[in-house]
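This is what each chain is made of:
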Amino acid sequence: MNTHKELKILAWLVVVAAVVLGGYALYTHFFNAETTEYTDSIQYAYNANQFDTAVADARTTYEQNPDDAGAALILATTLAQRGKYKNTAPIDAVEAIRIVERVLAQDDENAEAYRVLGYAHETLGEYAQAQAQYETALSLAKSPGLVHLDIARLNETLGNGDIAYAHYLEAAAAGVDYGRVQLGIGRISIQQGDVVGGEEAFRNAYRSAQSIRVKAEAAYELGLLMLAREEYQAAQEFMQQAIDADSSYALGHVGIAKVLIEGVDTDTPETERTNAVVSALTHLEQAVVLNENQTIAYVFQGRILEGVGDTTNAHYVYQRAAEVIDLDTSLTAESKAELRAIIEAGLQSNPVTEATLMRVSSRNLVAAGGGGGGGGCFIADTQVLLEG
């Protein structure tokens, strides 16, 4: 069973492993005069993560302007983005690819079409195809700033930090999407050991973000930095700001769970320690409700459940993590390798012999531990967890 100190260290290692990449296939100004009136409403919904509304408006525009390549690419972009953030990529990204291919059949030198096609493939996890399309877009684009941003994000996903950083700088020089560029620069800076530069970039991203998701991601990254410094109050405030900025942002709940676990020690009263564990599990469950492919939430659940001796539910969530990790487009290749090792170790150390696995939730845990002795085994195991 993990001591409290060991669990805190594991929590931080999991934080470090999870390099989270948002990735927006941003709009460019390719609507003609007849369709410009629709752009603002679609962009507003897009930036507010109201993707169903954005897709509906973009589809209406496309249907009213079927010969307008710009309208087609707006619809394809929005579909690919919804696929990424609402876990509907197998449907939405495939439709986006079909739409873009029709555009390219009429104009095979449309740089924006290749860029959007690359993003749709990236959303599906088809990274080689995405890279090829981005390179074509870069060779054709007269204003390649957004292409540099997409290539940077893809290379960050693939673990090519130096290449990613160079393209982020190109995107910055082109003046595109300052907030998202600063997020990327911040992540690479942290990886390269430049914590001061990374924090500055995250704060710039937070202040300048037009998209609620960019603001949420920046707040989350700042929360991780505060957590590393053991500034728990500041860390929790940033994680809450992430959720306040974007209520659909699952990692905000993961971040709060980490703060709750790391913020208690052996001097914390028993009841507060128990409440922290239960509250952390509640936030992690909310995270997987918001994003069923959020691997890091399952892994952290598993570590906590191991700590309180609930091997059945620990095995369940590790198994779920193993099932979704290939679908989790928010992780770099290196992060996936590290998390897979943790998942495999968790499955091996928490074998299950029962035929039925109980669905994990804080309510089930309290009920399962609510035997004799007032607090039952849940509180007793929590005490063991927090020893040391």
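Above this text you will find the structure in question.
Remember, predicted model here, so these are calculated numbers, not experimental data.

Caption draft 1: Up close: helix α12 (residues 212-228). Over its 17 residues, α12 runs 25 Å from end to end, which matches the ideal 24 Å to within 8%, given 1.5 Å per residue. Counting buried residues along α12, 14 of its 17 residues qualify, which places the element largely inside the surrounding structure. The backbone nitrogen of Arg213 has a side-chain oxygen 3.1 Å away, supplied by the residue at the start of α12, namely Ser211.

Caption draft 2: Seen up close, the layout of surface pockets. Space inside the second largest pocket adds up to approximately 540 Å³. Lys84, Tyr85, Asn87, Asn291 and Thr329 are the residues nearest the centre of the second largest pocket, which is lined by 31 residues in total. In terms of residue class, the lining of the second largest pocket is built from twelve nonpolar, twelve polar and seven charged.

Caption draft 3: Region of interest: the packing of helix α14 (residues 250-262) against helix α15 (residues 270-290). Across the interface, α14 lies against α15 with an axial gap of 8 Å and an inter-helix angle of 165°. If you check the angle between α14 and α15, you find them roughly antiparallel. Between α14 and α15 lies a crossing whose hand is left-handed. Here Ala250, His253, Val254, Ile256, Ala257, Leu260 and Ile261 of α14 come into contact with α15, specifically with Ala276, Val277, Ser279, Ala280, His283, Leu284, Gln286, Ala287 and Leu290.

Caption draft 4: Seen up close, the packing of aromatic side chains. Tallied over the full model, the rule gives one aromatic pair. Taken together, a centroid distance of 6.0 Å and an interplanar angle of 85° make the contact between Tyr220 and Tyr249 edge-to-face. Separated by 29 residues along the polypeptide, Tyr220 in helix α12 and Tyr249 in the loop between α13 (232-245) and α14 bring together distant segments of the chain. For the pair Tyr220 and Tyr249, a shared accessibility class is recorded, and that class is buried. A cation sits over an aromatic face here: Lys215 above Tyr206, 4.1 Å from the ring centre. If you follow Lys258 out to its NZ or CZ, it ends over the ring of Phe300, 4.0 Å from the centre.

Caption draft 5: Summary view of the pattern of salt bridges. One pass over the full model with this rule turns up 16 salt bridges. Here Arg320 ties to Glu323 by a salt bridge, and the two come within 2.8 Å at their closest N and O atoms. Within this pair, Arg320 and its partner Glu323 are both found in helix α17 (residues 311-324), separated by three residues, close to a single helical turn. With a relative accessible area of 21%, Arg320 lands in the partly exposed category. Accessibility expressed as a relative area gives 44% for Glu323, which makes it partly exposed. A network of salt bridges, in which partner residues are shared, links Glu112, Arg115, Glu122, Asp150 and Arg153.

How each quantity is defined
Residues numbered from 1 in each chain as written. Predicted model: local features only at pLDDT ≥ 70, side-chain atom pairs only at ≥ 80, totals over all residues. Heavy atoms only, no water. Helix = DSSP H or I, 4+ residues; strand = E, 2+ residues; numbered from the N terminus. Expected span 1.5 Å × (residues − 1). Buried < 20%, exposed > 50% of the residue type's maximum accessible area, 1.4 Å probe, protein only. Polar contact = N/O pair within 3.5 Å; in protein donor to acceptor, adjacent residues only side chain to side chain. 1 Å grid on protein atoms, 1.4 Å probe; cavity = no way out; pocket = protein on both sides within 12 Å on 5 of 7 lines; lining within 4 Å. Points joined across faces, edges and corners; volume = space filled by probe spheres on them. Nonpolar A, V, L, I, M, F, W, Y, C, P; charged D, E, K, R; others polar. Axes fitted to C-alpha atoms, helices over the stretch in contact; angles between N-to-C directions. Parallel < 35°, antiparallel > 145°, perpendicular 65-115°, else oblique. Left-handed = near helix turned anticlockwise from the far one by under 90°. Contact = heavy atoms within 4.5 Å. Phe/Tyr/Trp six-rings, centres within 6.5 Å; stacked < 30°, edge-to-face > 60°. Lys NZ or Arg CZ within 6 Å of the ring centre and 35° of its normal. Salt bridge = Lys/Arg side-chain N within 4 Å of Asp/Glu carboxyl O.

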